[in-house]
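Summary of the model geometry
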Amino acid sequence: MQGLAINNFSDGVDFMIATRYLEFETCSGDTRNITEDVQGAVAGSGITAGLATIFVPGATAAIITIEYEDGLAKDLWNALERLIPQEMEYLHNLRWQDGNGHSHIRASILGPSLTVPFDTHGLMLGTWQQIVFLELDNRSRKRKVIVQIIGE
Ligand code: ZN
């Protein structure tokens, strides 16, 4: 499930698009560092400069950047619990009985994607800035994260 297409801008400059997928199983509350996987997808694409978009199709997960370390991960989840508590009345839960109203709201606020520029040196991330997947749902999931790379 990987694609590479070569296209033209109207002035004749070639650019390429490569699409890669990261697939993994999660548990509720997973904080997963996917920086190396994204870096690998970019390096293996043959594209040497451009933009990588990392996108999770799903309404109860998020792609963020953070300094990836245990303490901060806990701080982040604690902050999410303070801001958007699990144990509240959500109309979504009353309607669907799936208990993940908080998951959806957290996912909406954090967002499903990032765009990161890269060149021959790799992703242009800060030293302490990792690309992190958050499993916000209240159950285990199979996830497929899309990494779409556009450049020359
Ligand atoms: Zn739901």
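Look a little higher up for the structure.
None of these values were measured; they are calculated from a predicted model. (Residues numbered from 1 in each chain as written. Predicted model: local features only at pLDDT ≥ 70, side-chain atom pairs only at ≥ 80, totals over all residues. Heavy atoms only, no water.)

Focus: the sheet that holds strand β8 (residues 130–135)
Where strands meet in a sheet, backbone hydrogen bonds hold them as pairs that are either parallel or antiparallel. Strand order in this open sheet of three strands is β3-β8-β5, and the pairing throughout is antiparallel. Bordering the open sheet on either side are β3 (31–33) and β5 (61–66), each of which pairs with just one other strand. Taking each pair of neighbouring strands and ignoring which way they run, the sheet shows an average axis angle of 30°. Across six bridges, β5 lies against β8 in antiparallel orientation. Residue pairing in the sheet places A62 in a bridge with L134 of β8. (Pairing = 2+ DSSP bridges. Helix = DSSP H or I, 4+ residues; strand = E, 2+ residues; numbered from the N terminus. Axes fitted to C-alpha atoms, helices over the stretch in contact; angles between N-to-C directions.)

A look at helix α1 (residues 35–43)
Here α1 has its buried residues at T35, V38, A41 and V42. The arc enclosing the buried residues of α1, seen along the axis, measures out at 130°, which places them on a common side. In α1, the exposed residues that point more than 90 degrees away from the buried face are E36 and A43. (Buried < 20%, exposed > 50% of the residue type's maximum accessible area, 1.4 Å probe, protein only. Arc of directions from axis to C-beta.)

A look at the coordination of the zinc ion
Six octahedral donors around a metal ideally subtend angles of 90 or 180 degrees, whereas four tetrahedral donors ideally subtend 109.5 degrees. Of the protein atoms, only H92 (NE2), D98 (OD), N100 (OD1) and H104 (NE2) coordinate the zinc ion, at distances of 2.1 to 2.4 Å. One can describe the site at the zinc ion as irregular: its four donor atoms subtend angles covering 88 to 170° at the metal. Sequence positions of the donors to the zinc ion reduce to the motif H-x5-D-x1-N-x3-H. For H92, a relative accessible area of 26% corresponds to the partly exposed category. (Donors = N, O, S within 2.8 Å, 3.2 Å for Na, K, Ca; no water. Tetrahedral: all angles 85-135°; square planar, octahedral: opposite > 155°, others 65-115°.)

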